[in-house]
Amino acid sequence: MTKPNLLSGMQPSAASLHLGNYLGALTQWVAMQDQFNAFYVIVDLHAITVPQDPKLLLENTRRTAAQYLAAGLDPDKSSLFVQSHVPAHAQLAWVLNCITGFGEASRMTQFKDKSQKGGADNSSVGLFTYPILQAADILLYQPTAVPVGEDQRQHLELTRDLAMRFNSRYGETFTIPKAEILKETAKIYDLQVPTAKMSKSAHDPKGLINLMDEPAQITKKIKSAVTDTDGDIRFDRENKPGISNLLGIYSALTGEPVAKIEAGLSGSGYGTLKAEVADAVVAALEPIRTRANELLEDPAELDRLLAKGAASANQTAEKTLKAVYANLGLVTPV
Ligand code: AMP
Ligand code: TRP
C-alpha cells in the first residue's frame, strides 16, 4: 500500500534550533516519517524575503539540515532537501501568483505584521508573495497532511483556496492539503519570562535553550530559570508559570504525565526539580548536538544527503509542474 504524502518546511534563519522547535515540531516530524511519505524542505528562498547575510545563510542552511538529521529525520525514509535545489518551487509560484487576487494576498496577517515592523519601503515584493511560494512548496508534492504551528493556519487556508481554484478552472491537478496543527501541549515557554513562548528572538539569551548549546550552558540556564516563592512543585500555568514550564518540559522529554512527576517530587525543593529537568534536557539534546557537529565536520557528506533528498523531491515536483503547465495550455517542449 502506498503511504500518503506529507510536506512541511522551515526557514534556515538561525544557527541553532531551540527546545521549543524540538519538542513542538521536530519530534512530531520524526514520528510521522513512518506513516507518511514525507518531504521536509529547508526554505532558503523564503529566507531571502528579508535581508540575509550570504555567509550566514549558507552556514545556517547546513546547520539546520544537520540538526534535523541528528534529531532523527531519516534520509532513507523521508526526503530532506533545500528549496532552491528544486526549481519547480519558483516555477509553480509564478503560476500561482497569476491566480491570486491582490486583495487576497493583502489580507495575510503575517505579511501585515512583518511589513509594519520594517515600513512599506523596506518590505520587498517577495515578502508580499511569500505565502504564494509557500503554497507552491506544498502543492507540488500532492500532500494530504501539512504539519505546522498555529501561526501558519492562514497560509494553509490560502493554499487550499488556490488549489481548489486551479482545479476548478483547469481540471483536477492538485490534492487539497490539510493543516495538521501541531500539539499545543508541547508549547515551551521562555525560562526567564515563562509567560512568553520560547523563541529565537528572546530578549535574554538565558531564557532560550538551543539544541547546539553545551551541556554546562543548558544546566546553567535551567538552574537560573525564573520560578516563584511558594515552594510547591505543582502545575498551575496561571499562577506558577515558571514551575509549570519546567514540569511541561520534563513531561514532554520523558513521556511521563505531569501528575506522576508532581507526585514523585512532592516535598522536594525547586533545586531538585531543576537538577532533574537539566539532566533530562542534557540527556535528550547531547546526542543531537554531537551528531550534528559530526555532520557539520563533513559538509561534503551533508551536501550528498541533501542532494539525495533533492533528487527525490525533484521527481515528484516535476511531475506536478508538467501537469500544471499542460493543463494551463502551455506547449509541452519536445
Ligand atoms: P519558528 O521557529 O517560529 O519558525 O517555528 C518552527 C516550528 O517550531 C513551528 O511550526 C512551531 O510548531 C514550533 N515552535 C516554535 N516555537 C515553539 C515553542 N516555544 N513551543 C513549541 N513549539 C514551538
Ligand atoms: N512559513 C513557514 C514558517 O514560517 C515555513 C514554510 C515555508 C512552510 N514553506 C512551507 C511550512 C511549506 C509548511 C509547508 O514556519
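Heads up: the structure comes first, above all this text.
The rules behind these values
Residues numbered from 1 in each chain as written. Chains lettered and ligands numbered in written order. Predicted model: local features only at pLDDT ≥ 70, side-chain atom pairs only at ≥ 80, totals over all residues. Heavy atoms only, no water. Helix = DSSP H or I, 4+ residues; strand = E, 2+ residues; numbered from the N terminus. Rg over C-alpha atoms; globule rule 2.2 N^0.38 Å. Buried < 20%, exposed > 50% of the residue type's maximum accessible area, 1.4 Å probe, protein only. Contact = heavy atoms within 4.5 Å. Areas by Shrake-Rupley, 256 points an atom, 1.4 Å probe, with all protein chains shown as cover. Lys, Arg positive; Asp, Glu negative; His and termini not counted. Charge placed at Lys NZ, Arg CZ, Asp CG, Glu CD. Near = heavy atom within 4 Å. Polar contact = N/O pair within 3.5 Å; in protein donor to acceptor, adjacent residues only side chain to side chain. Axes fitted to C-alpha atoms, helices over the stretch in contact; angles between N-to-C directions. Parallel < 35°, antiparallel > 145°, perpendicular 65-115°, else oblique. Left-handed = near helix turned anticlockwise from the far one by under 90°. Nonpolar A, V, L, I, M, F, W, Y, C, P; charged D, E, K, R; others polar. Phe/Tyr/Trp six-rings, centres within 6.5 Å; stacked < 30°, edge-to-face > 60°. Lys NZ or Arg CZ within 6 Å of the ring centre and 35° of its normal. Pairing = 2+ DSSP bridges. Right-handed = clockwise from strand over helix to strand, strands pointing away.

**Q** Before we move on, could you go through the overall build of the protein chain and cite the residues and values that matter?
**A** Across its full length, the protein chain holds 14 helices and 5 strands. For the protein chain, whose C-alpha radius of gyration is 22 Å, the value lies close to the compact-globule estimate of 20 Å for 334 residues. Its C-alpha atoms put the protein chain at 75 × 40 × 40 Å along the principal axes. Relative to its 334 residues, the protein chain shows a buried fraction of 46%. Contacts in the protein chain between residues far apart in sequence, at least 24 positions, make up 76% of those at least 6 positions apart. Carbon and sulfur atoms make up 55% of the accessible area of the protein chain, which amounts to about 16,100 Å² in all. One way to put it: in the protein chain the 33 positive side-chain charges average out to a point 3 Å from where the 37 negative ones average out.

**Q** I'd love a proper account of the site of ligand 1, names of residues and values included.
**A** Gly 20, Asn 21, Ile 188, Lys 197 and Met 198 are the nearest of the 13 residues found near ligand 1. Between ligand 1 and Ile 188, the relevant distance is 2.7 Å, taken from a nitrogen atom to a main-chain nitrogen or oxygen of the residue. Take Met 198: an N or O atom from its main chain is 2.9 Å from a nitrogen atom of ligand 1. Coverage of ligand 1 by the protein amounts to 74% of the 480 Å² it exposes when considered alone.

**Q** Describe the site of ligand 2, and please don't skip the residues or the numbers.
**A** For ligand 2, the set of nearby residues contains 13 residues, the closest of which are Gly 9, Tyr 130, Gln 134, Asp 137 and Gln 152. Between ligand 2 and Tyr 130, the relevant distance is 2.8 Å, taken from a nitrogen atom to a side-chain nitrogen or oxygen of the residue. Contacts to ligand 2 include Gln 152, whose side-chain N or O atom sits 3.0 Å from a nitrogen atom. Here ligand 2 has 370 Å² of accessible area as a free molecule, and 88% of this is covered by the chains.

**Q** With reference to specific residues and values, describe the environment of Gly 264.
**A** Relative to the helices and strands, Gly 264 is located in helix α12 (residues 258-265). C-alpha of Gly 264 to C-alpha of Ile 233: the two residues are 31 residues apart in sequence and 10.0 Å apart in space.

**Q** Residue-level account of the packing of helix α8 (residues 130-139) against helix α9 (residues 153-170), with values.
**A** The interhelical angle for the contact between α8 and α9, taken along N-to-C directions, is 65 degrees, at an axis separation of 9 Å. Taken together, the axes of α8 and α9 are roughly perpendicular relative to one another. Of the two possible hands of crossing, α8 and α9 adopt the one that is right-handed. Across from Tyr 130, Pro 131, Ile 132, Gln 134, Ala 135, Ile 138 and Leu 139 in α8, the residues of α9 making contact are His 155, Leu 156, Leu 158, Thr 159, Leu 162 and Ala 163. Its residues assigned to classes, the contact of α8 with α9 shows 10 nonpolar, 3 polar and no charged.

**Q** Go over the packing of aromatic side chains with me, naming the residues and quoting the values.
**A** One pass over the full model with this rule turns up 8 aromatic pairs. Centroid distance Phe 39 to Tyr 141: 4.7 Å. Interplanar angle 40 degrees. Geometry classified as tilted. Of the two residues, Phe 39 is situated in strand β2 (residues 37-42) and Tyr 141 in the loop between α8 and β4 (145-148); the sequence distance between them amounts to 102 residues. For Phe 39, a relative accessible area of 2% puts it in the buried group. Three or more aromatic residues joined by ring pairs make a cluster, and in this case those are Trp 29, Tyr 40 and Tyr 68. Of note, Lys 114 hangs over the ring of Tyr 130, and the distance from its end group to the ring centre comes to 4.7 Å.

**Q** Which residues make up the pairing of strand β1 (residues 5-10), and what values go with them?
**A** In terms of residue burial, β1 counts as a mostly covered element, since 5 of its 6 residues are buried. Two elements, β1 and β2, share 6 bridges in a ladder whose sense is parallel. Residue Gly 9 lies in a different strand from β2, and its bridge partner there is Val 41. Each parallel crossover has a hand, and the one from β1 via helix α1 (residues 19-32) to β2 is right-handed.

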